[in-house]
Amino acid sequence: MMATDIAVLRGKMTETSSALVGFAVLRANYIADAPSYVDNFRGFILGVLAEHSPSTLTRESIATEIHEKFGINIPDLVVEKILKRAKRTKHIQGDVKGYSLTTSGEKIAPNVTSLRDKYLRQQRSLEERFYSFLSVEFPDHAELASTHIAKELGDYLERHAIPVIASSVAGRAIVRPENTRTERPFDYVIARFVAHLYERDDVGFSYLEEAAKGAILSAVITLDTSSFQNSLSSLHVYLDTPVLIDLLGYSGEALERASKQLIELARSQGAQLRVFEHTLREMEGVLRSAEAFSKSSRGRDARPIDLYFQDQGWNSADILLASQKLPDAVEAMGIKLVPKPDTYHAFGLDEEKLEIALQEFVGYRSASTREFDLESLSAIHRLRRGRSLGALDRCGAVLLTDNSDLVRASRRVEGERHEWPLAMTDSALAGIIWARSPSVAPDLPRNMIVASAYAGMQPDPSLWSNYVHEVGLLEARGTVSPDEAVVLRSTTVGRNALMDETLGRGSAVTSDSPLAVLERLRNSIEEPIQVKLRNRETSEAMASASADTAAAAYIETSEVVDRLSGELTYERSARTEAQRRLREREEADNRRRKEIEAAAERHSKHLLRTLVWVIAACLAGLSVVNLANPEWLSELPLLKNAVWGATAIVGIFAVLDTMGQGTVAQWIKPVESKLADKLAERALLRANLLST
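Note that the coordinates shown come from a computational prediction; the quantities given were computed from them, not determined experimentally.

Reading guide: rules and limits
Residues numbered from 1 in each chain as written. Predicted model: local features only at pLDDT ≥ 70, side-chain atom pairs only at ≥ 80, totals over all residues. Heavy atoms only, no water. Pairing = 2+ DSSP bridges. Helix = DSSP H or I, 4+ residues; strand = E, 2+ residues; numbered from the N terminus. Axes fitted to C-alpha atoms, helices over the stretch in contact; angles between N-to-C directions. Contact = heavy atoms within 4.5 Å. Parallel < 35°, antiparallel > 145°, perpendicular 65-115°, else oblique. Left-handed = near helix turned anticlockwise from the far one by under 90°. Core = buried A, V, L, I, M, F, W, Y, C linked by side-chain atoms within 4.5 Å. Buried < 20%, exposed > 50% of the residue type's maximum accessible area, 1.4 Å probe, protein only. Phe/Tyr/Trp six-rings, centres within 6.5 Å; stacked < 30°, edge-to-face > 60°.

**Quick word on the sheet that holds strand 4 (residues 272-276)**
The strands making up a sheet are joined through hydrogen bonds of the backbone, oriented either antiparallel or parallel.
Thinking step 1. As summarised here, the arrangement of the five strands in space is 5-4-3-7-9, forming an open sheet in which the pairing is parallel. Since the sheet does not close on itself, it has two edges, and those belong to strand 5 (336-338) and strand 9 (423-425), each with one partner. Mean inter-strand twist for the sheet, computed between neighbouring axes without regard to direction, equals 40°.
Thinking step 2. Across three bridges, the pairing between strand 4 and strand 5 is parallel. Among the inter-strand pairings, Phe276 is bridged to a residue of strand 5, identified as Val338.
Thinking step 3. Contacting strand 3 (236-239), strand 4, strand 7 (397-401) and strand 9, helix 19 (residues 367-383) crosses the sheet at an angle of about 160° to strand 7.
Thinking step 4. Sitting on the sheet, helix 21 (residues 426-436) is in contact with strand 3, strand 7 and strand 9, with an inclination near 80° to strand 9.

**So, the packing of helix 18 (residues 351-362) against helix 19**
Thinking step 1. At a minimum axis separation of 10 Å, helix 18 and helix 19 run at an interaxial angle of 130°. In this view, helix 18 runs oblique relative to helix 19, as classed from their interaxial angle. In the crossing of helix 18 with helix 19, the sense of the turn from one axis to the other is right-handed. Seen from helix 18, the contacting residues are Glu351, Leu354, Glu355, Leu358 and Gln359; seen from helix 19, they are Arg370, Glu371, Asp373, Leu374, Leu377, Ser378 and Arg382.

**Some details on the nonpolar core**
Thinking step 1. With 123 residues, the main nonpolar core has Tyr37, Ile66, Phe130, Val237, Leu239, Tyr250 and Met424 as its most contacted residues.
Thinking step 2. Beyond its immediate chain neighbours, meaning those up to four positions away, Phe130 contacts Ile149, Phe186, Val189 and Phe193.
Thinking step 3. Grouped together as the second largest cluster of nonpolar side chains are 21 residues, Tyr238, Leu374, Ile380 and Ala423 included.

**Description of the pairing of strand 2 (residues 98-101)**
Thinking step 1. Side chains of strand 2 alternate between two faces, with Gly98 and Ser100 and Tyr99 and Leu101 buried alike.
Thinking step 2. In the sheet, strand 1 (residues 92-95) pairs with strand 2 via four bridges, with the strands oriented antiparallel. Looking at the pairing, Gly94 lines up with Tyr99 of strand 2.

**Some points on the packing of aromatic side chains**
The relation between two aromatic rings is expressed through the spacing of the ring centres and the mutual angle of the planes.
Thinking step 1. Here the structure, examined in full by the defined rule, presents 15 aromatic pairs.
Thinking step 2. When the ring of Tyr250 is compared with that of Trp314, the centres are 6.0 Å apart and the planes differ by 75°; the resulting orientation is edge-to-face. Highlighted residues: Tyr250 in the loop between helix 12 (241-247) and helix 13 (253-268) and Trp314 in the loop between helix 15 (304-312) and helix 16 (316-324), separated in sequence by 64 residues.
Thinking step 3. For Tyr250, a relative accessible area of 9% gives the class buried.

**Points about the environment of Leu684**
Thinking step 1. With respect to the element layout, Leu684 can be found in helix 31 (residues 669-686).
Thinking step 2. Spatially, the C-alpha atoms of Leu684 and Glu597 are 8.5 Å apart, while their sequence positions differ by 87 residues.

Below, the structure is given as structure tokens:
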């Protein structure tokens, strides 16, 4: 995409608001201690009425204008609730036929038009940033530029970074059909764009972050918020295996940070965190499989956890150690390990139908994974004694997962009496808990956006399965070598190249896709060289006024290249020789050091043994004199006392040795060791083997 194309795209930037604007306005007007959660939406209604004052507007026309001006949907019933509350406070007047502001209402009505203009400018800035990003990262997909990027970003927040709470919790219809998977190639591009903003553009990312916070607040309006002040002390949150993987940091830093902040926020509101014993067994199985992959990646495709360990440089021993420490690691995070309820036959659940629904919606490739999920949902059902109320704080227990399809399947059991679903996504729980107290964890939406972006840059299981199948066919035919097959299906660069090639669309995978991915990988390796070659060619062309000049320049350049190549070869040889000499010097120094330490030890032992024998001989001589007791000894009382002392010392040594309290050699061993260290240190200093 050329610079002229960018100018055209910038000229096409929308002049109308998307949900990004409405979300940002909602966040700006949010009041944490408002009398009621719905009061935070009052500013939209009063602002719209103020723009039409003194004319009247019906409930439906108010909701429609809010959607047209701000891109968000406030349900008619919520609009009606806010109108009734504003009427009781004397801020509006009228009835179902039409409402208008009172004098007091006009005084407090916010200027939503100015706020809209402010955030519309931010929206345009995001659009401009996106088009620049698109021209650099996806120059072959200019057709994406015709999309309403601001609208797509707003939809993305609702679908990914921000939970569609009405779908996840209330079981309402989702945008896509229940039995199909809608491909959204733009989602991968947006995920890349969000990650780009996070890594390189703090200002652009801050625009998105504020919109994300507003999107959470907007999504929660579909719930009964009357119990938001209640504690979650009676709620037990059971972590599914993928959530546990994120929490342990095996999916990368972004997902780990978001998961840890979520559980800390849930715990701060009273929720108790649990893991079923069978979930821990599943996690141990995942680590065993990762350990096997680390030993040999041939013949199987890599999962995200395999690639994580590979990128971190973990070997099989590291993974085995992590598996052995798994129970302690879970306990250290304040998560209790519990068995499933023993009332298996009570509060019966039609597990056969639930298993069919799980397979239909999730599309498991592994029967064991499906069985573990079935076991978890059945356990939650029994913990609730077969039924639950329609509020998070009163449902009793819930399975926390990252799989929205698993949540949808859990609601497809006939005769289910759970007003609150058996399972919910981690993003849905994060949105609800954050909306209950947004000032406690202001960074949670930010972490949710980042985690969602990095997760969205990974291929979904269906796409990856189709791709790996095609790689296997090409390898079997000999079209790609075994080493190339490993790179294609068992490396992070292979996955990234696949997503760039297909934009995350499973339908884009064909028999030629692995070859296209391989070509991308080769180009990514060769591109720096190609750039240098192009720069060299450009320089030669600019410097060449004639064929002779060009030839001379080429010859000169070649000579320089040859000279530099020779210098490089010499430098490499010299460096290798220096490294060899350094290793030899280190080995010689180590041998010399050991010889000096051994000599010091021998010298220390000799000195102390000689000293002991001299002292012993003196003491023995004095003892003999004492036994002889000559007359002249009585005339020298001091000498006589010394003789008696020497005799006593000899006797004490003899008694201690008899009682097994150690020999003199054993007693002087510590002194001998310290003396040896001192002697060795002096010798090493003299030999320049020890720095001062």
